[in-house]
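# Observations on the three-dimensional arrangement
Below are the chains, spelled out letter by letter.
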Amino acid sequence: MILTAAYTPQPAGALVDPEPRHIETSVHGSSGVQAGNNNIQINNESRKTLDLGLIGRAAPWKVVRELRQLDVDDADQIMKAAPEKDADEVLRLLYSVDEEYAVALVAVMHPARARALISRGGPDLQGLADVPAAAEAMSRVHDKWGEVLGAKPDFLRRTQLSPQGTDGFYIMYRDGAVFWSARGGAHPTTDPIADLYLESGGSEGPLGFPLTPPTDFEVGAEAGTRQHFEFLGNYSAETCSRLGVVCGATVYRSEKHGTFATWGGIGEHYESHRSVERFGFPTGPEQEAGPTRKNGTGDHGWIQPFERGSIAFTESVGAIEIMSPVRELYDVLGGVNGRLGFPRGKSHAAGRSPQGTDGRFQRFEGAWDYPDDLVAACIGFDHPGGATVYTSTHGTHTVDAGIGILYERLGGTASWLGFPTDAPRKADARRRIQPFEGGAIYWSPEHDSIAVREDVLAILGPDIGFPTHPEQTIGDGPDTVQFFEAGLVTRRSAGIARWHQ
């Protein structure tokens, strides 16, 4: 079947809502509905007898004027009764003065008749060449999806070019729309995906034309719906092969989390790493961020949250995932706009500590970069950065700034310090102390970062102050000494002793 909708034209120059959504019962005594911006009237009123011989008897410009006062169904009857050579001339003139009406009229014609008229019209009517195919394809979609889309359709309209340069057509319904393009064919978008799609601009927005219909699926006990779209820039050939369609964006819907689009570098990473199965559904939209760091020297990019992690993207590093439990700490610290900034590398297994602890780590920008030689020597940096998040049985903790530099130079988790057991704490307004399995690192502007072993910590009193030097040997023997602001600690064969000034 071919979708039909009676069309009443706008006055010349009148603006037409490109995506009408309103449908209501007519209040003018007719039995039927009004659709869209009230330019369309579908009813069962008795009509006056049509002048089927109008074409050929009146001048073409007069015929066009009369046709534009009629619903397209009535205009189609008049065009059908006319010889092709006369109807062709009328269609050419109509198309030149009212393209929207001409598109709607051709869409309700018998496809063979429409193609014959367009062929006779030559270059003047080539702009209508896709209308019969679009109308037929959209009719098939209507047959399958009409009940879901709801209510009777609006008339067929031409869209503006999508950001990808694709031309096409659409028909509005109460609960969605059907779009057609030569690239993707005809596909419905149904609520609630249609709401997000149309609010973002429909085919003229960043998503472009739909390339598949909405598809329901289940992952575990959770059900959802997804639909693929053009977007500006396709996913890689490998990802497109996995999806079975060449596209650059997908809209996901879940009852629990709502409807969100994934696209670009974040969408590519999501789709190429098992999407919902690995990350869960998106729980929010992609957000732009940066430049990070208070002085504006950090990176710029985008980040999007999912059920079990977030994915960040920057041009300098690409897409990097931040999975739980690191993501939870990351969010508490302000996410990409907080002290950690963008991730600089993916999560890695950390070296086992001397205390026998295993865990993972992930590098981030931090407030400023570690020295170049340290970044070059550290595993897990895809770009300079200055903070690391470690997770183990001791929890998830950040190690950064001056404390982080010393920790990394000593060997990180594989050093005698082992994994961090807590976040840095303030000793006062300017000084910090962070505990580890095998000791602690003290940082102060006066003495920089100095590590203290666990057995030394056990005998320190609050009055001895911060360490001023790292532990050092006494002479050539095994004995050591470490100096503090108000004393020192010695380690000899006889044991450890604290000495005050």
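Everything numeric in this text was worked out from a predicted model, so none of it was measured.

For the protein chain, the helix and strand inventory stands at 14 helices and 27 strands. Considering only C-alpha atoms, the protein chain reaches an extent of 120 × 40 × 40 Å along its principal axes. The burial tally for the protein chain puts 50% of its 501 residues in the buried class. Sequence separation of at least 24 residues holds for 52% of the intrachain contacts in the protein chain that already meet a minimum separation of 6.

By the secondary structure assignment, D195 is in helix α7 (residues 193-199). By relative accessible area, which is 31% here, D195 ends up partly exposed. For the pair D195 and R432, spaced 237 residues apart in sequence, the C-alpha to C-alpha distance is 51 Å.

On to the environment of N295, then. Relative to the assigned elements, N295 resides in the loop between β12 (287-289) and β13 (301-306). Judged by its relative accessible area of 56%, N295 is exposed. Residues N295 and A367, 72 residues apart in the sequence, show an inter-C-alpha distance of 9.1 Å.

Across its 14 residues, helix α3 (residues 84-97) extends 20 Å between first and last C-alpha, which sits within 8% of the 20 Å expected from 1.5 Å per residue. The set of residues buried in α3 consists of D86, A87, D88, V90, L91, L94 and Y95. Residues of α3 that are buried make contact with α1 (60-67), α2 (72-81), α4 (99-108), α5 (111-121) and β4 (157-158).

As a further point, take the pairing of strand β27 (residues 495-500). Judged from the six bridges that link them, strand β26 (residues 487-492) and β27 form a sheet pairing that is antiparallel. What sits directly across from R491, in β27, is I496. Counted between consecutive antiparallel strands, the loop separating β26 from β27 contains two residues.

On to the packing of α2 against α4. At their nearest, the axes of α2 and α4 sit 9 Å apart, and the two run at 70° to each other. When the axes of α2 and α4 are compared, the pair comes out roughly perpendicular. At the point where α2 passes α4, the crossing takes the right-handed sense. Contacts between α2 and α4 involve V72, D73, A75, D76 and M79 on the former and, on the latter, Y101, A104, L105 and V108.

Quick look at helix α13 (residues 401-410) now. An α-helical turn contains 3.6 residues, so any two residues separated by three or four positions project in the same direction. Burial analysis of α13 places seven of its 10 residues in the buried class, the great majority of the element. Within α13, burial applies to G402, I403, G404, I405, L406, Y407 and E408. Two residues or fewer past α13, G411 is found with a positive phi of approximately 120°.

Enumeration according to the criterion identifies 30 salt bridges in this entry. With a shortest N-O distance of 3.3 Å, K85 and D86 are connected by a salt bridge. Note on K85: relative accessible area 51%, which makes it exposed. A salt bridge links R174 to D175; its shortest N-O distance comes to 2.9 Å. By relative accessible area, which is 42% here, R174 ends up partly exposed.

What follows covers the packing of aromatic side chains. All chains considered together, the criterion is met by 20 aromatic pairs. Aromatic side chains F217 and Y252 sit 6.3 Å apart centroid to centroid with 80° between the ring planes, which places their arrangement in the edge-to-face category. Highlighted residues: F217 in strand β8 (residues 215-219) and Y252 in strand β10 (residues 249-254), separated in sequence by 35 residues. The burial state of F217 is the same as that of Y252; both residues are buried.

With antiparallel pairing, four strands are arranged side by side in an open sheet as β24-β25-β26-β27. With one partner strand each, in any of the chains shown, β24 (472-473) and β27 form the two edges of the open sheet. Bridge count between β24 and strand β25 (residues 480-484): two bridges; the pairing is antiparallel. What sits directly across from Q472, in β25, is V481.

Looking now at the sheet that holds strand β19 (residues 395-400). The strand order β16-β17-β18-β19 describes an open sheet built from four strands, whose pairing is antiparallel. Of all strands in the sheet, those bounded by a partner on one side alone are β16 (348-349) and β19. Sheet contacts for α13: β17 (360-364), β18 (387-392) and β19; angle to β19, the most-contacted strand, approximately 95°.

Parameters at a glance
Residues numbered from 1 in each chain as written. Predicted model: local features only at pLDDT ≥ 70, side-chain atom pairs only at ≥ 80, totals over all residues. Heavy atoms only, no water. Helix = DSSP H or I, 4+ residues; strand = E, 2+ residues; numbered from the N terminus. Buried < 20%, exposed > 50% of the residue type's maximum accessible area, 1.4 Å probe, protein only. Contact = heavy atoms within 4.5 Å. Expected span 1.5 Å × (residues − 1). Pairing = 2+ DSSP bridges. Axes fitted to C-alpha atoms, helices over the stretch in contact; angles between N-to-C directions. Parallel < 35°, antiparallel > 145°, perpendicular 65-115°, else oblique. Left-handed = near helix turned anticlockwise from the far one by under 90°. Salt bridge = Lys/Arg side-chain N within 4 Å of Asp/Glu carboxyl O. Phe/Tyr/Trp six-rings, centres within 6.5 Å; stacked < 30°, edge-to-face > 60°.

Honestly, it's all geometry; don't read function into it.
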